[in-house]
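For reference, the chains in residue letters:
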Amino acid sequence: MDSAPSDRRVDDALALKILIAGGFGVGKTTLVGSVSEIRPLRTEEQLSEVGTSVDDTGGVDEKATTTVAMDFGRITIRAGLAVYLFGTPGQDRFWFLWDELATGALGAVVLADTRRLQDCFPAVDYFEHRSIPFIVAVNCFPQSRSYGAHEVARALDLDQGTPVVLCDARDRDSGKEVLIRLVEYAGRVHTARLLDTVGTEPVG
Ligand SMILES: Nc1nc2c(ncn2[C@@H]2O[C@H](COP(=O)(O)OP(=O)(O)OP(=O)(O)O)[C@@H](O)[C@H]2O)c(=O)[nH]1
Ligand SMILES: [Mg+2]
C-alpha cells in the first residue's frame, strides 16, 4: 500500500539546489554551516606550505584550512521539499568541479569581501555566462571598508537588477535573509523565462 505523504522518506524529497560561491576565504563554508539544519558535510584540508605557491592567501588572515571539494548543507522547507546548499571550493585549481556542482541549480549566492572584491569576478562571470540567476552577498568582515550595495554593483559591473545584499556569514538569520533574497530573485528570473518559452497567449 502507498504510504501517506507525511510517511515518505527524506530521500524521496524534491530538492532545490543552491550554490554558495565566491573567492578564496570569503566565508562560503561559514555560511553553509550557519544556515544548515544538519551538521554540514565539509571537505576542509590544511593549507600547506607547498600550497602557498599556488594558493593566493594574500589578504585572508589566519586562514588555516580550505575547501577542496565542496560543502554540503540542507534546509527542510516542509516534508518532501528541501533546499540543498553546495559551497564551492574557493581556489582556482578546483574549477573543474564547478560544472558538476552547478548542474540543475536554481541559483547561486556569490559571496564577496570588499577587501578583495576582484576575487569574485570569476564566479560572477561563470554564472552570467551560464544564465544561472545569482545575487551578490557582501560578507561584512569587521576589517572591511563598508561599501553601499550600489557601489559594489558598479564595481562588479553587474547587470541591472542583480541584487546586492550585505550579510554576516556567521549569523544564521543573516544567512537566511540572503537565501530568501536569492530564491525570490531566481523565482522571478525563472518565471520570466517560462513566460518567454511558452508565451502568454492561451493555447488553442
Ligand atoms: N569576522 C568574520 N570572519 C568570518 C566571517 N565569515 C567567515 N569568517 C572567517 O573567515 C575565515 C574564512 O572562512 P571560510 O568559511 O573557511 O571561507 P571559505 O570561503 O569557505 O574559504 P575557502 O573554502 O578556502 O575558499 C574563517 O576563519 C572564518 O571564521 C565573517 O562574516 N566575519
Ligand atoms: Mg570553504
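Residues numbered from 1 in each chain as written. Chains lettered and ligands numbered in written order. Predicted model: local features only at pLDDT ≥ 70, side-chain atom pairs only at ≥ 80, totals over all residues. Heavy atoms only, no water.

For the chain, an unreviewed UniProt entry supplies the name ATP/GTP-binding protein and the organism Streptomyces synnematoformans.

Trainee: Please provide a residue-by-residue account of the overall build of the chain, values included.
Mentor: Check the secondary structure of the chain and you find 5 helices and 8 strands. When the helices and strands of the chain are read in sequence order from the N terminus, they spell out β-α-β-β-β-β-α-β-α-β-α-β-α. Taking all 204 residues of the chain together, 41% fall into the buried category. The contacts in the chain between residues at least 6 apart in sequence include a share of 74% that link residues at least 24 apart. (Helix = DSSP H or I, 4+ residues; strand = E, 2+ residues; numbered from the N terminus. Buried < 20%, exposed > 50% of the residue type's maximum accessible area, 1.4 Å probe, protein only. Contact = heavy atoms within 4.5 Å.)

Trainee: Go over the coordination of the magnesium ion (ligand 2), please, and point to the residues and values.
Mentor: Within the protein, the atoms that donate to the magnesium ion (ligand 2) are T29 (OG1) and T67 (OG1), at distances of 2.0 to 2.1 Å. Of this pair, T29 sits in helix α1 (residues 28-35) while T67 sits in strand β3 (residues 65-67); the two residues are 38 residues apart in sequence, bridging distant segments of the chain. T67 carries the same exposure label as T29, and that label is buried. (Donors = N, O, S within 2.8 Å, 3.2 Å for Na, K, Ca; no water.)

Trainee: Quick rundown of the environment of A186? Include the residues and the values.
Mentor: Structurally, A186 can be placed in helix α5 (residues 172-198). Take A186: its relative accessible area is 0%, and that puts it in the buried class. Ignoring sequence-local partners within four residues, the contact set of A186 consists of L106 and P133.

Trainee: Could you give me a rundown of the nonpolar core, with the residues and numbers involved?
Mentor: Membership of the largest hydrophobic core comes to 25 residues, with the highest contact counts inside it found for L19, V110, F127, F134 and V136. Listed by contribution, the elements that provide at least two residues to this core are β1 (14-22), α2 (98-102), β6 (107-112), α3 (121-129) and β7 (134-139). When residues no more than four places from it in sequence are discounted, the contact partners of V110 are A21, G22, C120, A123, V124, F127, F134, I135, V136 and A137. By size, the runner-up hydrophobic cluster in this structure holds 22 residues, among which are I20, V32, L85 and V178. (Core = buried A, V, L, I, M, F, W, Y, C linked by side-chain atoms within 4.5 Å.)

Trainee: Break down the packing of α1 against α5 for me, citing the residues and quoting the values.
Mentor: Relative orientation of the contacting elements α1 and α5 amounts to 100°, with a least axis distance of 8 Å. When the axes of α1 and α5 are compared, the pair comes out roughly perpendicular. Residues L31, S34 and V35 of α1 pack against R172, G175, K176 and L179 of α5. Along the lines of polarity and charge, the residues of the contact of α1 with α5 split into 3 nonpolar, 2 polar and 2 charged. (Axes fitted to C-alpha atoms, helices over the stretch in contact; angles between N-to-C directions. Parallel < 35°, antiparallel > 145°, perpendicular 65-115°, else oblique. Nonpolar A, V, L, I, M, F, W, Y, C, P; charged D, E, K, R; others polar.)

Trainee: Tell me about the site of ligand 1, residues and numbers included.
Mentor: Around ligand 1, the structure places 18 residues, and the nearest of them are K28, T29, T30, T66 and N139. Between ligand 1 and G27 there is a distance of 2.9 Å, counted from an oxygen atom to a backbone nitrogen or oxygen. Protein burial of ligand 1: of its 650 Å² of free accessible surface, 82% is covered by the chains. Going through the elements one at a time, α1 and β3 are the ones with two or more residues in the shell around ligand 1. If you tally residues by element for the shell around ligand 1, the top one is α1, at 3 residues. Counted by class, the shell around ligand 1 contains 5 nonpolar, 9 polar and 4 charged residues. (Near = heavy atom within 4 Å. Polar contact = N/O pair within 3.5 Å; in protein donor to acceptor, adjacent residues only side chain to side chain. Areas by Shrake-Rupley, 256 points an atom, 1.4 Å probe, with all protein chains shown as cover.)

Trainee: Any details on the sheet that holds strand β5 (residues 81-87)? Residues and values, ideally.
Mentor: To summarise the sheet geometry, strands pair through backbone hydrogen bonds and adopt either a parallel or an antiparallel arrangement. Taken in spatial order, the 6 strands make up an open sheet running β4-β5-β1-β6-β7-β8, and their pairing is mixed. Unpaired on one side and paired on the other, β4 (71-78) and β8 (164-167) mark the two borders of the sheet. With direction set aside, neighbouring strand axes in the sheet form an average angle of 25°. For β7 and β8, the ladder comprises 4 bridges, and the chain directions are parallel. Among the inter-strand pairings, V138 is bridged to a residue of β8, identified as L166. Together, β1, β4, β5 and β6 form the strand contacts of α1, whose direction differs from that of β4 by roughly 30°. With respect to the sheet, α5 is in contact with β1, β4, β5, β6, β7 and β8, its orientation differing from that of β7 by roughly 160°. (Pairing = 2+ DSSP bridges.)

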